[in-house]
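So you can see what is in the structure, the chains are spelled out below.
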There are 2 protein chains.
Amino acid sequence: MSPPGPLSLNTVTVKERWGLADCIEGCARHGIPGISPWRDVLAAMGVEAAARRIRDAGLTVTGLCRGGMFPAAEATGRAAAIEDNRRAIAEAQALGAACLVMVCGGLPPGSKDLPGAREMVRDGLHAILAEARAAGVTLALEPLHPMTCADRSVLSTLGQALDLCDELGAGTGVALDVYHVWWDPALEREMSRAKGRIAAFHACDWLVPTTDLVFDRGMMGDGCIDIPRIRALAEAAGYRGFVEVELLSRRWWAEDPDEVLRLIKARHATAC
Amino acid sequence: MSPPGPLSLNTVTVKERWGLADCIEGCARHGIPGISPWRDVLAAMGVEAAARRIRDAGLTVTGLCRGGMFPAAEATGRAAAIEDNRRAIAEAQALGAACLVMVCGGLPPGSKDLPGAREMVRDGLHAILAEARAAGVTLALEPLHPMTCADRSVLSTLGQALDLCDELGAGTGVALDVYHVWWDPALEREMSRAKGRIAAFHACDWLVPTTDLVFDRGMMGDGCIDIPRIRALAEAAGYRGFVEVELLSRRWWAEDPDEVLRLIKARHATAC
């Protein structure tokens, strides 16, 4: 099959040791052409300075992480989330990011009302859609693994994300992370529905066993996900963009980031 | 809404402190009318003795845990799994169990071939179906939470289980555990397809946060699952059976089983 698209570094992958300046320099030093910052490191540098330095380094911004987190028990909390998403849209626009990755949010604390939380996500997306369109920022809805449903994302499957895209229309797409979707028996069917709507492709691996529900993602090739198979499905759905590596991993956070980037480059070539 | 169906104790709930004899006596002592043994405690007592003691105690056997675990790298491993499932069918028949709960198995160690593992599950089920029918034992396909896909079950959703039931026909059904299906955006739609095919209903809760992928299930009412809502869906699909409590939990395993059974009885009345 074809070689994978160009590599992009999601800054969370080295978050314990590198700020955004280190990440930009690291990408340049290792010949990694894409970067996807999280908003905390972006805020630490300042958006305008970050946009300039990323541009000067010749990097493509494959996404901004992250918008979303809409559900809240109180209306004031939901309004605050929408305001924060508006700021995220402005930041994504300033960076020229390919998309704003949407981690939609879990149940409000103490709630058992899953249909209600999903409705809050819908409402939140509708509330920011016009602003995203005006800014030319694609809202990339990211289905998250069902094990995150309670506290991170009630948006759990690609099919559910595409249903929302169908409803929202222009200005929306999906962020496809192999970690979140690899298990899905409907994946092939839903990928054929995703045609032209994959805004980002994220890679890492599922370790066997996995010892933490959030911070035990594996390096590509170390786990059981057939990444090339899922990439082929994405390419059949028209995706021609970057392979963004997003590792939330206590193990890799403890390592020298230059070593991590070297390994990521190698695995990008052999395991993606 | 209607009160929940009668209570059944899955023996794994107290596995660290009670064998099968303790469980039978405990159910009788606490007025719990159903029991669902795992095969390890069954083997320790002996199937014939267990069948007699359970019958003498007046308990209903709501299921036998578990058959399945079909995928294996080698044909000899797959054949051994099928043989073991034949023994499980005979045990379920000897107990008069309402069903044999099928935990279908994950990827063979080291494999990334998810479609292949699913095919092994299909093949395994086809191989034992005639024997199950002849024994009058319903194979209750249990979709397991997607976080178990790599090492426990490539059967991940109710929809996928029902597709298999459609294919296999008479002698099959589904075991519905709220822990495994609560997050599923397709749950309502698929439950309407499940009409007359729910062979077991299992209850526990999803804790926030969850700290282990296998052994951190919560007591009903301690987590975020709207159990009555899912029970209502099951009843709308014709289910009139027991509510079986299956807690895999390091926390509850450490407690006095009599206290655990008292709490289960209370939560069965208030949180199911």
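Residues numbered from 1 in each chain as written. Chains lettered and ligands numbered in written order. Predicted model: local features only at pLDDT ≥ 70, side-chain atom pairs only at ≥ 80, totals over all residues. Heavy atoms only, no water.

- Naming follows an unreviewed UniProt entry, where chain A appears as Sugar phosphate isomerase/epimerase of Dankookia rubra.

1. Quick look at the sheet that holds strand E8 (residues 198-203) of chain A
All names here are of chain A.
- With parallel pairing, nine strands are arranged side by side in an open sheet as E3-E2-E1-E9-E8-E7-E6-E5-E4. Looking at which strands have only one partner, the edges of the open sheet turn out to be strand E3 (60-61) and strand E4 (64-68).
- Bridge count between strand E5 (residues 100-103) and strand E6 (residues 139-141): three bridges; the pairing is parallel. Directly across from Leu-100, in E6, lies its bridge partner Leu-139.
- Packing against the sheet, helix H4 (residues 75-95) makes contact with E3, E4, E5 and E6, and its axis sits at approximately 155 degrees to E4.
- Sitting on the sheet, helix H9 (residues 227-236) is in contact with strand E7 (172-177), E8 and strand E9 (243-245), with an inclination near 170 degrees to E8. (Pairing = 2+ DSSP bridges. Helix = DSSP H or I, 4+ residues; strand = E, 2+ residues; numbered from the N terminus. Contact = heavy atoms within 4.5 Å. Axes fitted to C-alpha atoms, helices over the stretch in contact; angles between N-to-C directions.)

2. So, the interface of chain B and chain A
- Contacts between chain B and chain A engage 33 residues on the former and 33 residues on the latter.
- Taken together, both faces of the contact between chain B and chain A bury some 2,400 Å²; the carbon and sulfur share is 69%.
- In terms of surface lost to chain A, no three residues of chain B exceed Lys-112, Trp-183 and Leu-213 of chain B, which account for 24% of the buried area on that side.
- Where chain B touches chain A, the interface holds zero salt bridges.
- Top element by residues in the side of chain B that touches chain A is helix H5 (residues 114-135) of chain B. It accounts for three residues.
- Per-class residue counts for the side of chain B that touches chain A are 16 nonpolar, nine polar and eight charged. (Buried area = accessible area lost by both parts, 1.4 Å probe. Salt bridge = Lys/Arg side-chain N within 4 Å of Asp/Glu carboxyl O. Nonpolar A, V, L, I, M, F, W, Y, C, P; charged D, E, K, R; others polar.)

3. Re the relation of the copies chain B and chain A
- With an axial shift of 0.0 Å and an RMSD of 0.0 Å, the rotation relating chain B to chain A amounts to 180 degrees. Taken together, the rotation and translation relating the two chain copies correspond to the operation of a two-fold axis.
- Comparing interface residues between copies, 100% of those in chain B also lie at the interface in chain A; the contact surface is shared. (Least-squares fit on C-alpha atoms with pLDDT ≥ 70 in both.)

4. Let's talk about the packing of H5 of chain B against helix H6 (residues 158-168) of chain B
All names here are of chain B.
- The N-to-C vectors of H5 and H6 enclose an angle of 50 degrees; their axes lie 11 Å apart at closest approach. Between H5 and H6, the interaxial angle falls into the category oblique. Helix-helix and strand crossings are classified by hand; for H5 and H6 the assignment is right-handed. Listed contacts from H6 to Arg-118, Arg-122, Leu-125, His-126, Leu-129 and Arg-133 of H5 are Gln-160, Leu-164, Glu-167 and Leu-168.
- Here the contact of H5 with H6 is built from residues that sort into four nonpolar, two polar and four charged. (Parallel < 35°, antiparallel > 145°, perpendicular 65-115°, else oblique. Left-handed = near helix turned anticlockwise from the far one by under 90°.)

5. What about the sheet that holds strand E7 (residues 172-177) of chain B?
Residues and elements named next belong to chain B.
- As summarised here, the arrangement of the nine strands in space is E3-E2-E1-E9-E8-E7-E6-E5-E4, forming an open sheet in which the pairing is parallel. The open sheet has two edge strands, strand E3 (60-61) and strand E4 (64-68), and neither has a second partner.
- The sheet contacts of helix H1 (residues 20-30) involve strand E1 (7-10) and strand E2 (34-36), and relative to E2 the element is tilted by about 160 degrees.
- Set on the sheet, H5 makes contact with strand E5 (100-103), strand E6 (139-141) and E7; between it and E6 the angle comes to about 145 degrees.

6. Thoughts on the side chain of Arg-197 of chain A
- The residue Arg-197 of chain A is located in the loop between helix H8 (187-193) and E8 in this model.
- Sequence-distant contacts of Arg-197 of chain A, defined by excluding residues within four places in its chain, comprise Leu-162, Cys-165, Asp-166, Gly-173 and Val-174 of chain A.

7. Here we look at H5 of chain B
All names here are of chain B.
- When the terminal C-alpha atoms of H5 are compared, their 31 Å separation across 22 residues agrees well with the 32 Å that a helix rising 1.5 Å per residue should span.
- When H5 is considered as a whole, its buried residues turn out to be Leu-114, Gly-116, Ala-117, Arg-118, Val-121, Gly-124, Leu-125, Ile-128, Leu-129, Ala-132 and Ala-135.
- Buried positions along H5 lie against helix H4 (75-95), E5, E6, H6 and E7.
- Phi turns positive one or two residues past the end of H5, at Gly-136, with a value near 70 degrees. (Expected span 1.5 Å × (residues − 1). Buried < 20%, exposed > 50% of the residue type's maximum accessible area, 1.4 Å probe, protein only.)

8. A word on the pattern of salt bridges
- Summed over all chains, the structure comprises 46 salt bridges over all chains.
- Lys-15 of chain A serves as the salt-bridge partner of Glu-16 of chain A, at 3.7 Å between the closest nitrogen and oxygen.
- The salt bridge involving Arg-122 of chain B is made with Glu-167 of chain B; its shortest N-O contact spans 2.7 Å. Taken as a pair, Arg-122 of chain B in helix H5 and Glu-167 of chain B in helix H6 lie far apart in primary sequence, 45 residues in all.
- Taking relative accessible area as the criterion, Glu-167 of chain B reaches 36% and is therefore assigned partly exposed.
- In this structure, a network of salt bridges that share partners links the residues Asp-163, Asp-166, Arg-189, Glu-190, Arg-193 and Arg-197 of chain A.

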